[in-house]
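Inside the fold
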Amino acid sequence: MKSYKSHFSQSLLRTGAALHFAAHSHHPWPDVSFVAQQQAWQDAAIHLDRKWDNVVAAQERLARGHVARHLNLRSSDTVVFAQNTHELYLRLLSCLPATTKPRVLSSDSEFHSFSRQSRRLAEAGSIQLDLVPTNPIASFADRLVKSAQRLQPNLLYVSHVFFDSGWSFDSFASLIDEIDDHVLVVIDGYHSFLARPVDWAPWQDRCFYLAGGYKYAMAGEGCCFMHCPPNYGARPINTGWYASFGSLAQPQEQITYPADGQRFRGSTYDPTSIYRFNAVMQWMLDQGLDAATLYRRSMEVQDLFLAAVETKDLCIGTLLSNPDGSRFSADGDRWLSFVSGTSSRLGALAGSMLLPGGWIQVCYGRRGVLFHALSAELWCATD
Ligand SMILES: Cc1ncc(COP(=O)(O)O)c(C=O)c1O
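Residues numbered from 1 in each chain as written. Predicted model: local features only at pLDDT ≥ 70, side-chain atom pairs only at ≥ 80, totals over all residues.

**Brief notes about the overall build of the protein**
Here is the rule we go by: Secondary structure elements follow DSSP: runs of H or I no shorter than four residues count as helices, runs of E no shorter than two count as strands, and numbering proceeds from the N terminus. Labels follow a simple rule on C-beta atoms placed from the backbone: if 20 or more others lie within 10 Å of a residue's own, it is buried; if 12 or fewer, it is exposed; otherwise it is partly exposed. Here contacts are defined at the residue level, using C-beta atoms placed from the backbone and a cut-off of 7 Å between them.
Helix and strand content of the protein: ten helices and eleven strands. Buried positions account for 42% of the 383 residues belonging to the protein. Sequence separation of at least 24 residues holds for 73% of the intrachain contacts in the protein that already meet a minimum separation of 6.

What follows is the structure, given as structure tokens:
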């Protein structure tokens, strides 16, 4: 298996560098992103205020194109960038009718960004929040669809791949069949984008898809994005002046919105992450890497890892599996989740030969302690 370690010289090749096993925290950045980071600075220094029109617009266009290619979208015009998914969620909420208390339906396994904000809004009486438990996972899709049919929420938000387990939700067809056409359907794809092949073409006219650069896209914070299906959320109340960037020279008497994804834009932001994102996407193209090749590779690395765990009798906990007993990562995410009652075994693992850097991610969740393997070792499997 080819090693890509040399492309991550600052993170993985450095003497004494930790071997990073945290599948879904900060992904190491390939070296090409360092050059991109410098380019962003240089462009700002040279173009000053004109950088937005002269260079950043082109970087954004390129970035939207990369997202559209990876999601198999018809057009990149439906893609909008933002600093984080929280910003986009708030903008989506602001599309809901203000006359009645909007109803939001979701799962109890959504990432903190969504769940904290939604719980607080529900506490304040601003929304009605209904959460469908993900467990037992075998019946989750069915229970979610039935709840959607019964409750007819204004907005439905669910992860494509759940951050706290790696299980996935793919029953988009039955979901769409059971809900009114006007419901905003938002899929949090942060753990599916570039973690596994995603073909959004069948859902592109109906479902929003959110993700970002921090994890599998390897580009860091600040470059989250959303695919916005046409005709849904035409005039978000939470709106930034960049949404009217193309028409600022005209009189601003009426508050107009572009029809494409730019209707969800915010305000002045740091575009450096977009440069990094483009550099990493181009690097993947140059290396012949895409979501499918990375996914296959991670399966092979997981096999190596599981064999090593067994040979060394590391007892790090119970590997989560699909309801039918198959390894869930085989159709779910790129990481393995081990459930353990205690973190002490994980401490022992950190000192073992398997993890010379000794940095592992431990999640204290409802399911006990979760150990999420694999991230950096994906890139240096044969070293
Ligand atoms: C499923 C999921 N959604 C969203 C996020 C990020 O949320 P935000 O961009 O608001 O920080 C994460 C993790 O960073 C995540 O795991």
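**What to know about the packing of helix α2 (residues 32–47) against helix α8 (residues 272–286)**
Put simply, the rule reads: Whenever a helix is involved, its axis is fitted only over the stretch in contact; in every case the axis is a line through C-alpha atoms, and angles between N-to-C directions fall within 0 to 180 degrees. A crossing counts as left-handed when the near helix is turned anticlockwise from the far one by less than a right angle, and as right-handed when that turn is clockwise.
One can describe the packing of α2 onto α8 by two numbers: an axis separation of 8 Å at closest approach and a directional angle of 145 degrees. When you trace α2 past α8, the crossing you get is right-handed. Between α2 and α8, the contacting residues are V32, S33, V35, A36, Q37, Q39 and A40 on the first element and T272, Y275, R276, N278, A279, V280 and W283 on the second.

**Brief notes about the environment of R265**
Position of R265 among the secondary structure elements: in the loop between β7 (224–227) and α8. In this structure R265 comes out as buried when scored by C-beta crowding, with 22 C-beta atoms within 10 Å. In sequence terms R265 and L88 are 177 residues apart; their C-alpha atoms lie 8.5 Å from each other. Aside from chain neighbours lying at most four places away, what touches R265 is V80, G240, Y242 and A243.

**Examining the pairing of strand β4 (residues 155–159)**
Threshold: By this definition, two strands are paired if DSSP reports at least two bridges between them.
The buried fraction of β4 is high, at five of five residues. On β4, burial covers both faces: L155, Y157 and S159 on one face and L156 and V158 on the other are all buried. In this structure, strand β2 (residues 103–107) lies alongside β4, joined through two bridges in parallel fashion. Bridge pairing links V104 to L155 in β4. Where β4 meets strand β5 (residues 184–188), five bridges bridge the pair, whose relative direction is parallel. Opposite Y157, over in β5, you have V186 as the bridge partner.

**A few points about the nonpolar core**
Condition: Note on definitions: a nonpolar core is a set of buried residues drawn from Ala, Val, Leu, Ile, Met, Phe, Trp, Tyr and Cys, linked by C-beta atoms within 7 Å.
Of all hydrophobic cores here, the largest spans 69 residues; its most connected members are L155, L156, V186 and F208. Among the elements that line this core, the one with the most residues is α8, at seven residues. One finds Y4, L12, V301 and L378 within the second-largest nonpolar core, a separate group that totals six residues.

**What to know about helix α9 (residues 291–311)**
Selection criterion: Every helix has an expected span of 1.5 Å times one less than the residues it contains. Starting at the helix axis, one direction is taken to each C-beta atom, and the arc is that of these directions.
Taking 1.5 Å as the rise per residue, α9 with 21 residues should run 30 Å; its terminal C-alpha atoms sit 30 Å apart, in good agreement. Within α9 the residues assigned to the buried category are A291, S298, V301, Q302 and V309. Seen along its axis, α9 keeps its buried residues to an arc of 115 degrees; they face one direction. Turned more than 90 degrees off the buried face of α9, the exposed positions are A292, R296, E300, D303, A307, E310 and T311.

**Section: the sheet that holds β5**
Strand order in this open sheet of seven strands is β1-β7-β6-β5-β4-β2-β3, and the pairing throughout is mixed. Whereas interior strands pair on both sides, the edge strands pair on one side only; in this sheet they are β1 (79–82) and β3 (128–132). Shown here is a sheet whose adjacent strand axes are inclined to one another by a mean of 20 degrees, direction ignored.

**Section: the packing of helix α3 (residues 51–71) against α8**
The relative placement of two packed helices comes down to the angle between their axes together with the axis-to-axis distance. What counts, and what does not: When an angle is under 35 degrees it counts as roughly parallel; over 145 it counts as roughly antiparallel; between 65 and 115 it counts as roughly perpendicular; any other value is oblique. Gly counts as polar in this scheme, as do all residues outside two lists: the nonpolar Ala, Val, Leu, Ile, Met, Phe, Trp, Tyr, Cys and Pro, and the charged Asp, Glu, Lys and Arg.
As a packed pair, α3 and α8 sit with axes 9 Å apart at the nearest point and diverge in direction by 50 degrees. As far as their axial angle goes, α8 and α3 are oblique. At the point where α3 passes α8, the crossing takes the left-handed sense. Along its contact with α3, which presents Q59, E60, L62, A63 and H66, the element α8 presents I274, Y275, F277, N278 and M281. Across the contact of α3 with α8, the residue classes break down as six nonpolar, three polar and one charged.

**Let's talk about the environment of F34**
With respect to the helices, strands and loops of the structure, F34 is situated in helix α2. Separated by 241 residues in sequence, F34 and Y275 place their C-alpha atoms 9.7 Å apart.

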